[in-house]
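What follows is each chain in one-letter form.
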Amino acid sequence: MKIAFASDHAGFILKQNIMQYLQQKGIETYDFGCDSQDSCDYPDFAHPLAQAVEKNEYDFGIVVCSTGNGITMTANKHQKIRAALCWQPQLATLARQHNDANVLGLPANFISQNEAIKIVEAFLEAEFEGGRHLRRVNKIPLAE
């Protein structure tokens, strides 16, 4: 499994900790930035991540900012991205099962590292159920 990561300065520490946790489990990770706690703009990192996930270069993406909102909204500007902002494991599970989410958004200022790990595990362990959900997911992209 290959997971892409992106954050802003507020999500930097949590992103680093999650990446380290996954690497210890043998999961390949790639960091699109940022690379410090210096103030920066999340779209600069969310867009390249979303493009790479759209091209299937990574199985999933994980994006982190203070509330999770801005970076998740940015990722969702891409037609093939279904980014879900999750602050509980059950939300992450349902995002995968019902919405085929391919990017997980996390709110660094509102969850602990332990909570974040549980959310990430729930997201990565869940599988899309298809069926009636597939019909709905297929209606998400705008016609090109």
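Structural data are supplied above this passage.
Since we're looking at a predicted model, the values are computed, not measured. Residue numbers restart at each chain and count upward from 1, following the sequence in its written direction. The predicted nature of this model means local features are confined to residues of pLDDT at least 70 and side-chain atom pairs, given and counted, to a pLDDT of 80 or more, with totals for whole chains, interfaces and linings taken over all residues. Remark: hydrogens and water are excluded; side-chain values derive from all non-hydrogen atoms of the structure.

Draft legend 1. Here's a closer look at the sheet that holds strand β3 (residues 60-65). Pairing between strands requires that DSSP locate at least two bridges from one strand to the other. Elements are defined by DSSP. Helices are runs of H or I of four residues or more, strands are runs of E of two residues or more, and each kind is numbered from the N terminus. Taken together, the five strands give an open sheet; going across it, the order is β2-β1-β3-β5-β4, and neighbouring strands pair in parallel fashion. Pairing within the sheet leaves two strands with one partner each, and these edge strands are β2 (28-31) and β4 (83-85). Along the sheet, successive strands turn relative to each other by an average axial angle of 25°, direction set aside. Here β3 runs beside strand β5 (residues 103-107); their pairing, made up of five bridges, is parallel. Across the sheet, residue Gly-61 finds its bridge partner in β5, namely Val-103. Residues count as neighbours in contact if any of their non-hydrogen atoms are within 4.5 Å of one another. Whenever a helix is involved, its axis is fitted only over the stretch in contact; in every case the axis is a line through C-alpha atoms, and angles between N-to-C directions fall within 0 to 180 degrees. Together, β1 (2-7), β3 and β5 form the strand contacts of helix α2 (residues 43-54), whose direction differs from that of β1 by roughly 160°.

Draft legend 2. Seen up close, helix α5 (residues 113-125). Compared with an ideal rise of 1.5 Å per residue, which puts 13 residues at 18 Å, α5 spans 18 Å between its outermost C-alpha atoms and is within 8% of the ideal. Where α5 is concerned, the buried positions are Ala-116, Ile-117, Ile-119, Val-120, Ala-122, Phe-123 and Leu-124. Taken together, the buried residues of α5 touch β1, α1 (12-24), β3, α4 (89-99) and β5. A helix is expected to reach a length of 1.5 Å times the quantity of its residues less one. Buried residues are those whose accessible area, probed at 1.4 Å on protein chains only, stays under 20% of the maximum for their type, while exposed residues exceed 50% and partly exposed ones sit between those limits.

Draft legend 3. Here's a closer look at the nonpolar core. Grouped together as the largest cluster of nonpolar side chains are 26 residues, with contacts concentrated most on Ile-18, Leu-22, Ile-62, Leu-104, Leu-106, Val-120 and Leu-124. The set of elements that each furnish at least two residues to this core consists of β1, α1, β3, α4, β5 and α5. Per element, the largest residue contribution to this core is seven residues, and it comes from α5. Contacts of Leu-104, omitting those with residues within four sequence positions, involve Gly-61, Ile-62, Val-63, Ala-84, Cys-86, Ala-92, Ile-119, Val-120 and Phe-123. In this description, a nonpolar core means a group of buried Ala, Val, Leu, Ile, Met, Phe, Trp, Tyr and Cys residues linked to one another through side-chain atoms lying within 4.5 Å.

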